[in-house]
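# Coordinate inspection notes
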Amino acid sequence: MKVLVIGGGAREHALCRSLSLDPDVTALHCAPGNAGIAEVAELHAVDQLDGAAVTALATELGADLVVVGPEAPLVAGVADAVRAAGIPVFGPSREAARLEGSKAFAKDVMAGAGVPTARSYVCTTPEEIDEALDAFGAPYVVKDDGLAAGKGVVVTEDIEQARAHALACDRVVIEEYLDGPEVSLFAITDGTTVLPLQPAQDFKRALDGDEGPNTGGMGAYSPLPWADPKLVEEVLETVLQPTVDELRRRGTPFSGLLYAGLAITSRGVRVIEFNARFGDPETQVVLARLKNPLAGVLLNSANGTLDDQAPLSWSDDAAVTVVVASHNYPDTPRTGDPIEGLDEVAEKDAPHAYVLHAGTKRSEDGAVLSAGGRVLSVTATGSDLAQARERAYAAVGRIRLDGSQHRTDIARKAAEA
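Cut-offs applied
- Residues numbered from 1 in each chain as written.
- Predicted model: local features only at pLDDT ≥ 70, side-chain atom pairs only at ≥ 80, totals over all residues.
- Heavy atoms only, no water.
- Helix = DSSP H or I, 4+ residues; strand = E, 2+ residues; numbered from the N terminus.
- Rg over C-alpha atoms; globule rule 2.2 N^0.38 Å.
- Contact = heavy atoms within 4.5 Å.
- Areas by Shrake-Rupley, 256 points an atom, 1.4 Å probe, with all protein chains shown as cover.
- Lys, Arg positive; Asp, Glu negative; His and termini not counted.
- Charge placed at Lys NZ, Arg CZ, Asp CG, Glu CD.
- Buried < 20%, exposed > 50% of the residue type's maximum accessible area, 1.4 Å probe, protein only.
- Core = buried A, V, L, I, M, F, W, Y, C linked by side-chain atoms within 4.5 Å.

Along the protein chain, the regular secondary structure elements total 14 helices and 24 strands. At 20 Å, the protein chain has a C-alpha radius of gyration in line with the 22 Å of a compact globule built from 417 residues. Seen along its three principal axes, the alpha-carbon backbone of the protein chain occupies a region of about 55 × 45 × 40 Å. Look at the contacts in the protein chain between residues 6 or more apart in sequence, and 69% of them connect residues 24 or more apart. For the protein chain, the accessible area works out to roughly 16,600 Å², and carbon and sulfur atoms hold 48% of it. Measuring between centres, the 36 positive side-chain charges of the protein chain sit 2 Å from its 61 negative side-chain charges.

Here it is, written out as structure tokens:
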């Protein structure tokens, strides 16, 4: 099987790493990729938002499967273009991807499916914004209706900050605050059958102790030793399957990766948001624990044959990923700094710890340079979370990137519990 992965972040590196270990994958390509992905896949330049360009590349390569990683190409309809050319593609249509592309659309689908979520208002005027903020009170939860690369949500006690964020959005969803820990649960679906993966928890705030601004994610871990053993089964029955059924009923079947961001509240499980693709950095830890070869599972989703899929098998090991971010992230990050120590990690920490590249590129002389806000996802496995943490942070300690930052408390509470 020849596989083409679209995207160039750590999520795509995690996907490419798993696909490169799959004996059924005879050729692996990625567009546009990054310096790390280049070690396991052949890179190609492409505008990942251009469906015609992606389809032309897939056709030229003779791809048997196209995997669309990021949300922006999905919302732009890239999967539709590839599918129309008769090439199997893992990723939802433009219409179905509105589940992530529009918070208001997601709320409407959840209402139709009877999925438990936070009460909310969709606002387009300053008057509506003030009424909604007043109705719910602090903490205020304000979400840009459109895509915002993981940074469109503000949760704050400060009403002026909440109002300023709301006014900066064309259309905004203001909702009640959900208490309790957050969980990410992915499911692979072909529009009918839903195959849940293992849950993970990510860390959105920039600084230790969940302080600082929201980011795209500073680390993650799996499994969740504190979670109810029946959590996956419950979420499949009350959230994932009803949502997939509702979208099919509406004539916009969802095929690909459905990501449910959940709050485990005092009143039960509530959906915070849906995404239409693998989450970053949770993908890094979930795929580290998946034992099944990945390509066949994704192809079954693309072909509508998930009911033929053998049950998924999971390692008992724990996995932790720690994001190394560039200076000044999540504001305007500094780029172009050399990254050192990657060879040391490969030499001393493999196979239990490894580095997945997010924002990197190679210079003309072959050096690896930072090329984005989140630069690396250092991922490790261990017999439990404590060992996985220890291995991940030992590997982080070998990496040298001027001005870089990372959280030191990823999975600490769970490991110590």
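Having put the structure on the table, let's press on.
Along the polypeptide, alanine 319 turns up in strand β18 (residues 318-325). Residue class for alanine 319 comes out buried when judged on its relative accessible area of 0%. Along the primary structure alanine 319 and glycine 382 are separated by 63 residues, whereas in three dimensions their C-alpha atoms are 6.6 Å apart. Not counting the four nearest positions on each side in its chain, alanine 319 is found in contact with Ala220, Tyr221, Ser222, Val285, Ala288, Arg289, Ala380, Thr381, Leu385 and Ala388.

In this fold, valine 396 is placed in helix α13 (residues 385-396). Given a relative accessible area of 6%, valine 396 falls into the buried group. Not counting chain neighbours up to four residues away, the residues in contact with valine 396 comprise Val322, Val324, Val378 and His406.

Here arginine 267 lies in the loop between β16 (256-265) and β17 (268-275). Sequence separation between arginine 267 and glycine 180 is 87 residues; the distance between their C-alpha atoms is 9.6 Å. Those residues in contact with arginine 267 that sit more than four places away from it in its chain are Glu176 and Leu178.

The nonpolar side chains of a soluble globular protein tend to be buried with one another. Ranked by internal contacts, the top residues of the largest apolar core, which has 75 residues, are Leu4, Val66, Leu99, Leu240 and Val320. Broken down by element, the residue count for this core peaks at 7 residues, all from helix α9 (residues 231-249). If we skip the residues at most four places from it in the chain, valine 320 touches Ala220, Tyr221, Val285, Val378, Thr379, Ala380, Leu385, Ala388, Arg389, Ala392, Ile410 and Ala411. Grouped together as the second largest cluster of nonpolar side chains are 39 residues, Leu19, Leu28, Ile37 and Val285 included.

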